[in-house]
Amino acid sequence: MSTTLHWTDNETPRSAHWHSESAAPLPRRTVVADDRMKADDAYRQACEGTALLWQGDFHNARQLLRAMGHRVDRKPLGPGTSPSESFHLHRRGSGHRARVLGKLLVLLDDDYTLGLRRAPDVRQACREAYGPATGPTAVSLRELLGVIGAHQWRRRGVEVPALGARIHPHYGVFAPVRGEYVDLVARTPLPPAARHGPTTSTAFDLGTGTGVLAAVLAQRGIRRIVATDISPRALACARENVHRLALSDRIEVSGGPGLYPEGRAHLVVCNPPWLPARPTGPVEQGVYDPDGTMLHGFLTGLSAHLRPGGEGWLVLSDLAEHLGLRTRQQLLDAIGAAGLHVVGRSDTRPRHPRAKDTSDPLHAARSAEITSLWRLAPAP
């Protein structure tokens, strides 16, 4: 979302483009703030909807943001009477926290220079996330810190043991930090149609993101893979990773309005967002799938895009089931309604730290989570 932010500095009217990746609305009122601002006052004004355009020291701004966060966290929403209610309360609390902390703003100059004392050079990070600069831009400090962190992830990359290589995620593209779903794709036996014809085998990787699963399939011997995504950021990210891994001759990264590319494949892999809820912005689209749209699109289109003897691999966590957002029977009914049957299933438990974090309000669901690879084929 982009429009114009207005404020007054020493009685002089000022303005800049307003940018928010979460589509946060333009603040109703904006005032200048600096190192004299107290955390209680900042928190109160932010709760009232006033944005604080920071003109002090960068590190002091980060400390103020943390102090505001502590004040938000003093009033946590209690647990719900059901897993579903607990989830929605958690989302509501997270949304409130994001709105309050999102009121602390910084101004980026024409070339994305952050003109604050002790500020880092954020120009390259902003170009990677936002594209070419178009003039002075106001963004929330919280968002900018996410942009800086994404730039560091992109530069260092994420080690993927199943590949024996690093994948470099871009801003707004789901990073393969949860290796269990990658390991499932790396370990599950390929369909006979792909295994017995390696020189002619084909696969589709739907919603490829960073391209990690397409790269795993290529490493396993699939001759041609078409990796699709509707996100321009994901397409650019996947192409960069495919090129970096020297797999451009075997993996075609393709964008378009539809989930599936044209044609049929011996194997179709889909790792849709696992929770059927609405994302608050592009950064959350790798986690939340409103009404399970991508999941159902994969299931209903699978039979028409499989070669004889081929399989569809659905990689899906059961976290939504533990949260009361979807039942196992609803998933099985959707598989059956699409004219499919389950050939087999491989399961694994998460290894990420949040599964063991007892302070997490969703700990009961996370600790019971299982990620599965469902092998699907047209019903006989």
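What counts and what doesn't
- Residues numbered from 1 in each chain as written.
- Predicted model: local features only at pLDDT ≥ 70, side-chain atom pairs only at ≥ 80, totals over all residues.
- Heavy atoms only, no water.
- Helix = DSSP H or I, 4+ residues; strand = E, 2+ residues; numbered from the N terminus.
- Rg over C-alpha atoms; globule rule 2.2 N^0.38 Å.
- Buried < 20%, exposed > 50% of the residue type's maximum accessible area, 1.4 Å probe, protein only.
- Contact = heavy atoms within 4.5 Å.
- Areas by Shrake-Rupley, 256 points an atom, 1.4 Å probe, with all protein chains shown as cover.
- Lys, Arg positive; Asp, Glu negative; His and termini not counted.
- Charge placed at Lys NZ, Arg CZ, Asp CG, Glu CD.
- 1 Å grid on protein atoms, 1.4 Å probe; cavity = no way out; pocket = protein on both sides within 12 Å on 5 of 7 lines; lining within 4 Å.
- Points joined across faces, edges and corners; volume = space filled by probe spheres on them.
- Phe/Tyr/Trp six-rings, centres within 6.5 Å; stacked < 30°, edge-to-face > 60°.
- Core = buried A, V, L, I, M, F, W, Y, C linked by side-chain atoms within 4.5 Å.
- Axes fitted to C-alpha atoms, helices over the stretch in contact; angles between N-to-C directions.
- Left-handed = near helix turned anticlockwise from the far one by under 90°.
- Pairing = 2+ DSSP bridges.
- Right-handed = clockwise from strand over helix to strand, strands pointing away.

Within the chain, the secondary structure is distributed over 13 helices and 15 strands. For 380 residues, the compact-globule estimate of 2.2 N^0.38 gives 21 Å, and the chain sits close to it at 23 Å. By its C-alpha atoms, the chain is 75 × 50 × 30 Å across when sized along the principal axes. Burial analysis of the chain (380 residues in total) assigns 51% to the buried set. Restricting the contact set of the chain to residue pairs at least 6 apart, pairs at least 24 apart contribute 66%. Here the chain displays about 18,000 Å² of accessible surface, and carbon together with sulfur accounts for 52% of that area. Here the chain carries 47 positive and 37 negative side-chain charges, and the mean point of each set is 3 Å from the other.

Now for empty space enclosed by the protein. Applying the stated criterion across every chain yields a total of one cavity of 30 Å³ or more. In this structure, the largest cavity occupies an estimated 30 Å³ of space. What lines the largest cavity is simply Ala125, Glu128, Ala129, Val147, Ala150, His151, Arg154, His170 and Tyr171. Taken together, the elements giving at least two residues each to the lining of the largest cavity come down to α4 (123-130) and α5 (141-156).

Tracing the backbone through its elements, the reader meets arginine 71 in helix α2 (residues 58-73). In this structure arginine 71 touches Ala39, Asp40 and Tyr43, once residues within four positions along its chain are discounted.

With respect to the helices and strands, the residue threonine 348 is situated in strand β14 (residues 340-348). Of the residues examined, threonine 348 reaches a relative accessible area of 15% and is grouped as buried. For threonine 348, the contacting residues outside a window of four places in its chain are Glu180, Leu184, Ile370 and Thr371.

With that out of the way, let us pick up the packing of aromatic side chains. A ring pair, where both rings are aromatic, is described by two values, the distance of the centres and the angle of the planes. Scanning the entire structure with this criterion turns up two aromatic pairs. Seen in terms of ring centroids, tyrosine 112 and tyrosine 130 are 6.1 Å apart; in terms of plane orientation they differ by 50°. Their pairing is tilted. Taken as a pair, tyrosine 112 in the loop between β5 (104-108) and α4 and tyrosine 130 in helix α4 lie far apart in primary sequence, 18 residues in all. The exposure class assigned to tyrosine 112 is buried, which follows from its relative accessible area of 4%. Centre to centre, the rings of tyrosine 181 and tryptophan 274 are 6.5 Å apart; their planes meet at 90°, and the pair counts as edge-to-face. In this pair, tyrosine 181 is assigned in helix α6 (residues 179-187) and tryptophan 274 in the loop between β12 (265-270) and α10 (293-302), connecting sequence segments 93 residues apart.

Among the nonpolar cores identified, the biggest contains 56 residues, and Val185, Ile251, Val268, Phe298, Leu299 and Leu376 are the most heavily contacted of them. A total of seven residues in this core trace back to one element, the largest contributor, which is helix α8 (residues 212-219). Excluding residues that lie within four positions of it along the chain, valine 185 makes contacts with Leu213, Val216, Leu217, Arg220, Val269, Trp313, Val315 and Leu373. Counting 36 residues, the second-largest nonpolar core is a separate cluster that includes Ala33, Ala46, Leu101 and Leu108.

The next point concerns the packing of α2 against helix α3 (residues 83-101). At a minimum axis separation of 10 Å, α2 and α3 run at an interaxial angle of 145°. Handedness of the crossing formed by α2 with α3: right-handed. Residues Leu65, Met68, Gly69, Val72 and Asp73 of α2 touch α3, and the partners they reach there are His96, Arg97, Val100 and Leu101.

Let us now look at unusual backbone geometry. Not every positive phi belongs to a glycine, and glutamate 11 is a case in point at roughly 65°. On the secondary structure map, glutamate 11 appears in the loop between β1 (2-9) and β2 (12-19). Classification of glutamate 11 as exposed rests on a relative accessible area of 77%. Within the chain, tyrosine 112 stands out as a residue other than glycine whose phi angle is a positive 75°.

Further remarks concern the pairing of strand β4 (residues 50-54). In terms of residue burial, β4 counts as a mostly covered element, since five of its five residues are buried. Pairing of strand β3 (residues 29-33) with β4 involves five bridges; the strand directions are parallel. Bridge pairing in β4 links alanine 33 to tryptophan 54. The β-α-β motif built from β3, the intervening helix α1 (residues 39-47) and the parallel element β4 has right-handed crossover chirality. As paired strands, β4 and β5 are joined by two bridges and run parallel to one another.

Geometric descriptors of this kind do not, in isolation, establish any biological role.
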